[in-house]
Every structure is written in structure tokens, then in C-alpha cells.
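A closer look at the structure
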Amino acid sequence: MKTSKNWMLLYLAIILMVGGSLVGAWVNAGFGSVKVEEVSIWHAPGFKVSAYLYTPKANTEKAPAILAIHGLNNQKNHMANTALEFARRGYVVLSMDMSGHGRSTAKNLDHGAGGPAGLAYLRSLPNVDTQNIGIVGMSQGGFAGAMGAITSNPDGYSSVFFMESEVNAPGSMDLSAAPLVKNAAFNIGTVTELGVMIFIGKGSDAPVSPVLQPLFNTTDPIEVGKVYGSIEEGTARILYQPWENHAGATDSIPAIANALEWMQLTLEGGNGLSARNQIWPVKLIGTALALFGAMLFLFPMGSLLLETRYFNDLKEKLPEYRGYEGRSWWIGALLTTAIGPLLYLFVWNHMFFVPWITPNRLWPQNFTNVYMVWSMLCGGIAVVLMILGHYTQLKKKEATVAHYGLTDSSCTFDGMKILKSLGFAICTLLPVYLILVFVDGVWKVDFRAWVVTLLPFTGKRFLAFLGYLVPFAVYFIPQGIVLAGFQRPKQGKLGLGREMAINAVVMTLGAVVWLLFLYVPLMAGGSIIFGSNPLIQTAAGMGGIYYIPLLVLWPLVACIYTYFFRKTGRVYAGAGIATLFIVWYLSAAGSFAVML
């Protein structure tokens, strides 16, 4: 009966992955009205830009075009919603990976972040009206990618939309390139975490930003929604202020509508479809279901593998629980949920600006390095607390490494079984990866729910993945031991589902509280409460954006730990799957700060 149930769940997960991706791809192609293809642009020796080219099938003559550029540590897929909506309106769209991102080569910010290459390629297409080219740059895609394109060819475009972005580099008042910026719109969310990019404390202060007001040629507060200057002369400016946060702009109906309206106002051509007529949310539902299917797949796949002759010996008796009880359990749970959040901003502040560990050939991704250092600190603290807990409390209960899920009852480590557990983890994840490779290569979509995205590797990203495995294991193995041997709820007497749920709450609650401290004041119209220092505000804002995915990933990790500990009686299978999955997630998506 259990085997039959696992097969049913496995089929359901596959249907979700394939079916959800198929829906996403169908919508991404405008229900068949748009051709989406991946192109490679060789712009300089050894430098390649990877991009998705959206071409409306109905076009019979030269069409207006849009260069869409994503933000820092994102990829071209993040701009798919925007690209799709422009393509539906008759625009040719090139959604590109910036240098060091996605499948583009070089490192972050090289070659004008790839913006000049993207613009030059778009202008070379025979079906593009070169007199009507617009640029949409999100965050770094604006101040680096779009500005790189603009400075390389000031006459090569007609209009630009800065989505949660600006002309100046963050932290700089340099507006020397402003005279090159033609017909510019600025979309700054009132709940943005990164108001410091334009020298304001909160998003709603954008009208008095000292780097926006000079662009609007005014010393008075900028009037939101009003066109300043002249579209005909290329001096037009407009400020949009939707209620959204920084990362939310790429998945925001108002922000995308603002981009559409601005280009329809400043460029000629297109079919005039209303900017509010948007279908991308259906695509998001499809790819989110695919992502859920990928996560669900791990559990029945792992169960079925454990029934095979090769992996069956990994199933061992669950050790007797001799961990914390009563008040000690609550203290342990509180420490588990609180240590990460308490260290989070501290690590971001010391890793993002002048990092303790500089990106290098072994660990080449700046954002992954932030997570790595944070994880290693949390893992080290967990080890120290486990040792203290063992010698002050649990040794009296005659607890041993066997009771912590590390060995058999004789306290003997079986190296071959540990290696087999790693092989088991690889075999559990491999089918998900292969399905993703197919979906990405054939249908041009990924497994995505807003900022939570699962992507396939490039060769260099796989090398980065290998380099990050051991450091991240320093966190995931101790955390698995904590949940398995030290603080199982109700002395391990709960049903599997309840234990998974409780462990998910324990791992995630601290992150929820931290994010509430960040976002509640912002949503109420205030500023970041972690301090007024611009560096601290930037670290908190960036950290908040990159904490959001953990609201999905941490419950998954907790469930993986719990489920496979109950199945195998050891921590290795669950810790192996969790480590491989999270490092895959990070290294496949992270931007390169050094070249490999």
C-alpha cells in the first residue's frame, strides 16, 4: 500500500513539473502568438551574452523593440513577464543575461554589464525599427546594464524605463551621464527595501531624491505620474510610485503596466493593447506548480529508491530518542530558530561590502558566499551547543552518537553506508534535474515562484557547485543532527506529518520574525528600523530580499531532514539531499564576481 501511494505521489509530482512548465511555456509564448528562442551574442573575444529573443509571429514589417535587462544576481528569466507582455503588443524583445549572470560569460559588470552587446544585437536584427528601441532595466540592469548600453550608443535607443533603478551607481551622486539619457521613466516602489540607492530613507520619499530631482530639472518635489520635459526632444521624465517592494517589480502588474504605458507613449508602433491586459500571472502559476512538483518529487522518489535492492540496507531501525524534553526542548527550539536571524544582518554587513572571504576561483559567487559564511557560523555554533548539551544533560541519559543518528547501536561509523547515502541523495535529485534541463532547453522556462527559482547548471556553475558543497555541509549536517537526535518534538512519539510540520516551524519562524521587523515598517510607510547608516540599510534591504526564498526552502529542508531520518534511522540521507539541493539552488543562479 505504501509503495502504491509513493508511485501515485511520484506521478503527481512529474505531472506538476511537466504540466506546469508546459502551461508556463504556452503563456510565455503568448498562447502561440510569439516565437521564443535562445540566442548567443559574441560581442568581444571570449565574451558571450545569452538571451531570449521574443518575436511576435504577426509582424510583417519592422517593429519597435525592447532590450530587457534583469537585476543583480538574477537572470533573463526574471524579465520574462515583462518581455512576454511587450511581445504581445508587437514589440521584438531581447531579454538578456548580464555579464557573469545566467549563461553569459565574464564576470559581473564586465563589458558594460553586457548592455552594449544587447543593444548592438537588437539593432542588427532586420525586423527591428532602429528608430524605436526602448530599454527596460531592473535594478543593476538599469544603472549598469541600461546605462552601459546608453553610453556605448547614445543615439541607438529612444526611451528607457528604470525599474527600481536609477541613472547613478548606488552610493554615488555622479550624474555626468544624465545628458545621454533620453525619455526616462523611473519606477520606485513605496515599499522598496533599497531606497538608499537614490539617497532616500523610504520609497515614498522618491519625489525629493537628490539624484532624481536634477534629472527632472526641478528643486520641488516631483509630481508622481506627471510627464516633465518633452518626448519629441527626448527630455521627457516621469516618476511612477506603485505599492511594491524592490524585488517585486518584475512580478508586479502595476510596474509592468507602467513600463508598457511609457513605451507606448514614447515609441511608435505596436498594436496598442491595453497595458492592464496582462497574462503573465497564469505563467507564474504554471511554473510555481512545477517548482512545487520538483520539491514534492524528492519524497516518493527517495522512498521508492529505499525499496530497491541496492539502497535497501540504508533502512535501519530508528534509534531510541534521548534528546531534550520539556523546557530544554523549548530552549533548544528557540535557539534553533533564533541563531540564524540574529547573525543574518551581521554577516550581510561584513560580507557584502568588504567581505571576509573575497570571491575566488573556488568560491566565485558573492551572494552564495554570504550564505556560505552565514551557514558555517550557524553550523559551528550548532556543533558547540550540541557538545555542551551532550555533556551537561544528555550524557546523563546515556545518549551516544547512535542516538543522534550518526552510527549503529555499537557506535561504529560505517563509511561505505555514508558514501551510499550520498549516492542515494544524488539519485533522488537527478530525475528532477533532468526534467528541468528538458524544460529549460525545449520550452525556455524554469521552475519558479517569484524569487524562488530552480535553474540548470552551466559547466562553470557546476564547478562552483562542487566548491560550495563542503562549506555548506558544515551547516546542514549539524542541523540535521539537532533535529534528529537533540530536539524531536514529543520525544519522537508524534506522527510523521506533525513532526515535519513542527520542525518546519522551528527552522523558519525566526526568519518570519526577522522579515516582519523589516517589512512591517516599510509597508506602513516608514523606513528600515535596523539603523540609519546607509551601509546598514543597504545590507538589511539586500538581506531581506535574499531572506524571502528561505520561507520556502527552510520548511522544505526541515521536512527532508525529518522524513528521511524516519526512513533510514540516520541523518546522512536527509542531510545529503538538503545540502545538494540548496547548493544547487544557489550556485546555479548566483552571479560570478570572478571569472572561472
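Above this note sits the structure.
Residues numbered from 1 in each chain as written. Predicted model: local features only at pLDDT ≥ 70, side-chain atom pairs only at ≥ 80, totals over all residues. Heavy atoms only, no water.

**Considering the overall build of the protein chain**
Put simply, the test is: Under the scheme used here, helices are H or I runs from DSSP no shorter than 4 residues and strands are E runs no shorter than 2 residues, and both carry numbers assigned from the N terminus. Radius of gyration means the value over C-alpha atoms here, while the globule rule gives 2.2 Å times the residue count to the 0.38 power. Between buried and exposed lies partly exposed: a residue is buried under 20% and exposed over 50% of the maximum accessible area for its type, with that area taken using a 1.4 Å probe on protein chains only. Note on definitions: a residue-residue contact is assigned when non-hydrogen atoms from the two residues lie within 4.5 Å. Exposure was quantified through the Shrake-Rupley algorithm and a 1.4 Å probe, taking into account, for residues, occlusion by the shown protein chains and nothing else. Neither His nor the chain ends is counted toward charge; the positive residues are Lys and Arg and the negative residues Asp and Glu. Where a charge sits is defined by one atom per residue type, namely NZ (Lys), CZ (Arg), CG (Asp) or CD (Glu).
Check the secondary structure of the protein chain and you find 14 helices and 10 strands. For the protein chain, whose C-alpha radius of gyration is 25 Å, the value lies close to the compact-globule estimate of 25 Å for 596 residues. The burial tally for the protein chain puts 61% of its 596 residues in the buried class. In the protein chain, once contacts between residues fewer than 6 apart in sequence are set aside, the share between residues at least 24 apart is 77%. Of the accessible surface of the protein chain, which amounts to about 22800 Å², a share of 65% is contributed by carbon and sulfur atoms. Across the protein chain, the centroid of the 40 positively charged side chains sits 13 Å from that of the 32 negatively charged ones.

**Some thoughts on the pattern of salt bridges**
One side chain can pair with another of opposite charge once the charged atoms of both are near each other. Going by this rule: Basic side-chain nitrogens of Lys or Arg form a salt bridge, by our definition, when they fall within 4 Å of a carboxyl oxygen of Asp or Glu.
A complete count under the given rule lists 18 salt bridges for this structure. With a shortest N-O distance of 4.0 Å, Arg322 and Glu398 are connected by a salt bridge. Here the residue Arg322 occupies a position in the loop between helix H6 (280-306) and helix H7 (326-351), and Glu398 occupies one in the loop between helix H8 (366-392) and helix H9 (415-443), the gap between them amounting to 76 residues. Close ionic contact of Arg488 with Glu499 constitutes a salt bridge, the shortest N to O distance being 3.0 Å. Of this pair, Arg488 sits in the loop between helix H10 (459-486) and helix H11 (496-523) while Glu499 sits in helix H11; the two residues are 11 residues apart in sequence, bridging distant segments of the chain. Each member of the pair Arg488 and Glu499 is classed as buried. Where salt bridges share partners, they join Glu38, Lys76, Asp97, Arg103 and Asp440 into one cluster.

**Re the side chain of Gln140**
Position of Gln140 among the secondary structure elements: in helix H4 (residues 140-152). Here Gln140 falls in the buried class, since its relative accessible area comes to 4%. With near-sequence residues (within four places) excluded, Gln140 lies in contact with His70, Gly71, Leu72, Met98, His101, Asn108, Leu109 and Gly145.

**A short note on the packing of aromatic side chains**
Definition in use: In this scheme Phe, Tyr and Trp rings, the latter by its six-membered ring, pair at centre separations within 6.5 Å, and the angle between planes marks the pair as stacked below 30 degrees, edge-to-face above 60, and tilted otherwise. In this scheme, the term charge over a ring applies when either NZ of a lysine or CZ of an arginine sits within 6 Å of the ring centre and within 35 degrees of the ring normal.
As enumerated under the stated definition, the model contains 43 aromatic pairs in all. Between Tyr475 and Phe476, the ring centres sit 5.0 Å apart and the planes meet at 75 degrees, which makes this aromatic pair edge-to-face. Each member of the pair, Tyr475 together with Phe476, is buried. Over the ring of Tyr52 we find Lys76, and its NZ or CZ is 5.0 Å from the ring centre.

**Some words on the environment of Phe299**
Looking at the element boundaries, Phe299 is found in helix H6. Phe299 sits 261 residues away from Ile560 along the chain, and the two C-alpha atoms are 7.6 Å apart. Those residues in contact with Phe299, other than ones at most four positions away along the chain, are Met500, Leu556, Cys559, Ile560, Tyr563 and Phe564.

**Let's talk about unusual backbone geometry**
At Asn73, a residue that is not glycine, the phi angle is positive and equals roughly 65 degrees. Tracing the chain through its elements places Asn73 in the loop between strand S3 (63-69) and helix H2 (80-88). Note on Asn73: relative accessible area 10%, which makes it buried. For Glu398, which is not a glycine, the phi torsion comes out positive at approximately 65 degrees.

**With respect to the state of the cysteines**
Quick reminder of the rule: Whenever a pair of cysteine sulfur atoms sits within 2.5 Å, that pair is classed as a disulfide.
Throughout the structure, instances matching the rule amount to 0 disulfides. Unpaired in this structure, Cys378 has its nearest cysteine sulfur neighbour in Cys559, at a distance of 20 Å. On the basis of relative accessible area, Cys378 is assigned to the buried category, the value being 9%.

**Details of the sheet that holds strand S1 (residues 34-44)**
Our working definition: When DSSP finds two or more bridges between a pair of strands, those strands are recorded as paired. Axis definition: a line fit to C-alpha positions, over the contact stretch in the case of helices; interaxial angles, taken between N-to-C directions, run 0 to 180 degrees.
The strand order S1-S2-S4-S3-S5-S6-S7-S8 describes an open sheet built from 8 strands, whose pairing is mixed. Whereas interior strands pair on both sides, the edge strands pair on one side only; in this sheet they are S1 and strand S8 (237-240). On average, each strand axis in the sheet is tilted by 20 degrees relative to the strand beside it, whichever way the strands run. Seen against the sheet, H4 touches S3, strand S5 (128-138) and strand S6 (159-163) and runs at an angle of roughly 150 degrees to S5. Sheet strands in contact with helix H5 (residues 253-266) are S3, S5, S6, strand S7 (184-187) and S8, and its direction is about 165 degrees off that of S6.

**Comments concerning the environment of Asn533**
Along the chain, Asn533 falls in the loop between H11 and helix H12 (534-547). We classify Asn533 as partly exposed; its relative accessible area is 40%. When the C-alpha positions of Asn533 and Val196 are compared, they lie 9.7 Å apart, and in sequence the two are 337 residues distant.

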